[in-house]
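If you want the building blocks of each chain, they are given just below.
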Amino acid sequence: MKEKMQWPWPWRRRKVVVVVVLRKLLTCAICVIALMGLLSVRVHVFPSSKVSDLTDPYKLPTVTQQHELNYQKLSAEKKWTQELTPPHLSKEQAPPHLSKAPLSSHKLNGANGSLDFEKLWKQPSNRDFVPCVQPGSNYTAPDESRGYLLVHTNGGLNQMRAGICDMVAVARIINATLVVPELDKRSFWQDTSNFSDVFDEDHFINALANDVKVIKKLPKDLSSATKVVRHFRSWSGLEYYRDEIASLWEEFQVIRAAKSDSRLANNHLPPDIQMLRCRACYEALRFSPKIEAMGKLLVDRMRAYGPFIALHLRYEKDMLAFSGCTHGLSDVEAEELRTIRENTAYWKIKDINATEQRSRGHCPLTPTEVGIFLTGLGYPSNTPIYIAAGEIYGGDTHMADLRSRYPILMSKEKLASVEELEPFTNHASQMAALDYIVSVESDVFIPSHSGNMARAVEGHRRFLGHRKTISPDRKALVRLFDKIEKGLLMEGRKVSNRISEIHKKLQGSPRRRRGPVSGTKGMDRFRSEEAFYVNPLPDCLCKRVSENVNASTASMR
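Residues numbered from 1 in each chain as written. Predicted model: local features only at pLDDT ≥ 70, side-chain atom pairs only at ≥ 80, totals over all residues. Heavy atoms only, no water.

Student: Honestly, the packing of helix α10 (residues 289-303) against helix α18 (residues 428-441) in this entry has me stumped. Any pointers?
Tutor: Helices that pack against each other are described as a pair by the angle of their axes relative to one another and the distance between those axes. Contact geometry for α10 and α18: axes closest at 9 Å, N-to-C directions at 45°. Taken together, α10 and α18 sit at an angle that is classed as oblique. Crossing of α10 against α18: the hand is right-handed. Between α10 and α18, the contacting residues are K290, I291, E292, M294, G295, L298, V299 and R303 on the first element and Q430, A433, L434, I437, V438 and E441 on the second. (Axes fitted to C-alpha atoms, helices over the stretch in contact; angles between N-to-C directions. Helix = DSSP H or I, 4+ residues; strand = E, 2+ residues; numbered from the N terminus. Parallel < 35°, antiparallel > 145°, perpendicular 65-115°, else oblique. Left-handed = near helix turned anticlockwise from the far one by under 90°. Contact = heavy atoms within 4.5 Å.)

Written out as structure tokens, the structure is:
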């Protein structure tokens, strides 16, 4: 039997030393590799589709970029909270990167199978349409004023916005000095806000200096002068104002417009007047600095969740009472709304057939129907949704189904603390202005009803580059929803395909403003036209000709 070979002791010692050194070198190498890997990792929850900083002279900056300086200044003065998550939010409501709940991958499973993340948030092509609202070479400074135009606006925030911009154009047409308009304090919302509470008054005056002379108050020596009060005829053209209204200067120094909504025609006005309406709406009529600052903060907090939808959920008491829509409501709720409609004197239509109203697509989608609609489009349950609305009628009772589908339902009341919202509380127009800012800045905007807010936001988003706006075809959707409710259809691929097909061309891509419906006559003809502020194409948007075109052809701020 052979003896086991023994290595000399010094050789064995050297072998042990070599092994130890190799182990240490290997350990160090592993640590270095791990450290480099950690440093190179980029945390990427969602790829934001927010518009990047653009040097292209044809591109307008976003609302956030436009007022960055105002926000910084006001932040220093008012010490606005800068945290992305206000302290009153629970862990479940906190942005995903600040909570332990991970978000799903970019391939999201919807009712229509595996949908590409990018497809859900992809913006429609603007087809090289850019703002072109600067006046032509023949445009002159305002002519000598012949008198003063007082304006009493009417309606909610967006109805007043459109009316104010129209009155700017009217003042130009009749050579009037425009007194800063009075806001409606008698409407359903009973808001006591003045113009300067909602809008940046000084900016409004200065921005229009080359178009119309605007003053804050009527001169004292005219305060007791005889004023003529007129209800300007709806949807009137140039001749009406130049001939009939301007003739009043022969007897009066002050003309008072009793209403401002829909007083100017949508179409067939001179290009300079149409472009002035856009300059007034999208450049001169900014919100007040405190509203802009709070709006930016809400946008920043929503963006902490990634790309988000702004849902204008017009399921509020005033809307349901006015429209007579009661689908999904209890008998007690329906009776309450009928009583409100009956007791509101300036709502002319009292007897409304709720079933017919809904079948024609005239009712706002219910929260439950919105949930089916969003699921059908393919948006997954972890989609962040900002509810741009006042108090939802029935509260949690009617929101439960939508919340069960989409738990990340946020609002200004959730994103901001009570103290932060306190300056705006009890002022409907100011609260609506916050929703307006977030809606314009959202990655996708979806209105549940085509009211004043929906139309104003859609038009603004078109002006800013045709940002994605999905407009539900309520008449077609109601037929689907009724079949689902009756058990004749099941939610799934078939319903999803149908919803997607219906809305394939209803996502905010460029198109010309629609004219009157064929066969309509008189005032009905004007009512059937698409409103000017819903779609500023072709009057205020034009094709980019070349990169070397003078920057004066594009609107810059």
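What follows picks up the thread again.
Student: How do you make sense of a positive patch on the surface when you look at a structure like this?
Tutor: Taken together, the side chains of K475, R479, K483, K494 and R498 make up a positively charged region of the molecular surface. Secondary-structure elements contributing two or more residues to the positive patch are α20 (474-485) and α21 (493-502). With respect to the helices and strands, the residue K483 is situated in helix α20. Take K483: its relative accessible area is 43%, and that puts it in the partly exposed class. (Patch = residues over 30% accessible without salt bridge, like charges linked within 9 Å, V, L, I, M, F, W, Y side chains within 5 Å. Areas by Shrake-Rupley, 256 points an atom, 1.4 Å probe, with all protein chains shown as cover. Salt bridge = Lys/Arg side-chain N within 4 Å of Asp/Glu carboxyl O. Lys, Arg positive; Asp, Glu negative; His and termini not counted. Charge placed at Lys NZ, Arg CZ, Asp CG, Glu CD. Buried < 20%, exposed > 50% of the residue type's maximum accessible area, 1.4 Å probe, protein only.)

Student: Just to check I follow, could you spell out the packing of α20 against α21 for this structure?
Tutor: In contact at an axis separation of 11 Å, α20 and α21 are set at 170° when each is read in the N-to-C sense. It follows from the interaxial angle that α20 and α21 lie roughly antiparallel. When α20 is examined against α21, the residues A476, L477, L480 and I484 are found in contact with a partner set consisting of V495, R498, I499 and I502. Its residues assigned to classes, the contact of α20 with α21 shows seven nonpolar, no polar and one charged. (Nonpolar A, V, L, I, M, F, W, Y, C, P; charged D, E, K, R; others polar.)

Student: Any chance you could explain the sheet that holds strand β10 (residues 385-387) here in plain terms?
Tutor: Strand pairing in a sheet relies on backbone hydrogen bonds. The paired strands run either parallel or antiparallel. Taking strand neighbours across the sheet as the criterion, the four strands line up as β11-β10-β9-β12 in an open arrangement whose pairing is parallel. The open sheet has two free edges, formed respectively by β11 (409-410) and β12 (444-447), since each of these has just one partner strand. Across two bridges, β10 lies against β11 in parallel orientation. Bridging from a neighbouring strand, I385 pairs with L409 of β11. (Pairing = 2+ DSSP bridges.)

Student: Sorry, what's going on with the side chain of R314 here?
Tutor: Here R314 is to be found in the loop between β9 (309-312) and α11 (317-323). Engagement of the side chain of R314 in a polar contact is seen with the side chain of D318, the distance being 2.9 Å. Once you skip the residues sitting within four places of it in the chain, R314 turns out to touch W189, M319, P364, S448 and H449. (Polar contact = N/O pair within 3.5 Å; in protein donor to acceptor, adjacent residues only side chain to side chain.)

Student: Explain the pattern of salt bridges to me, please; I cannot follow it from the model alone.
Tutor: Two side chains of opposite charge can pair, provided their charged atoms sit close to one another. Scanning the model with the defined rule gives 28 salt bridges in all. Taking the shortest distance from any N to any O, the salt bridge between R256 and E182 comes out at 3.2 Å. Placement of the pair is R256 in strand β8 (residues 254-257) and E182 in the loop between β5 (176-179) and α6 (195-198), with a sequence separation of 74 residues. Among the salt bridges present, the one from K317 reaches E336, with a minimum N-O distance of 3.3 Å. One end of the pair, K317, is in helix α11; the other, E336, is in helix α12 (residues 331-343), and 19 residues separate them in sequence. Of the residues examined, K317 reaches a relative accessible area of 32% and is grouped as partly exposed. Exposure remark for E336: the relative accessible area of 34% places this residue in the partly exposed category. The network of salt bridges with shared partners includes E201, D202 and K216.

Student: Looking at this model, I keep getting lost on the state of the cysteines. Mind explaining?
Tutor: The term disulfide refers to a covalent linkage connecting the sulfur atoms of a pair of cysteines. In the structure shown here, the tally under the stated rule is three disulfides. In this model, C325 is linked to C363 through a disulfide, with the two sulfur atoms separated by 2.0 Å. Residues C325 and C363 are joined by a disulfide whose S-S torsion is about -90°; by sign, that bridge is left-handed. Taken together, the residues span a long stretch of sequence, with C325 in the loop between α11 and α12 and C363 in the loop between α13 (354-359) and α14 (367-377) at a distance of 38 residues. We note that C325, like C363, is buried. Take the cysteines of the chain that form disulfides and number them in order along the sequence; they join up as 1-6, 2-5, 3-4. You can see C165 has no disulfide; the closest cysteine sulfur is in C281, sitting 4.1 Å from it. Classification of C281 by relative accessible area gives buried; the value is 6%. (Disulfide = S-S within 2.5 Å.)

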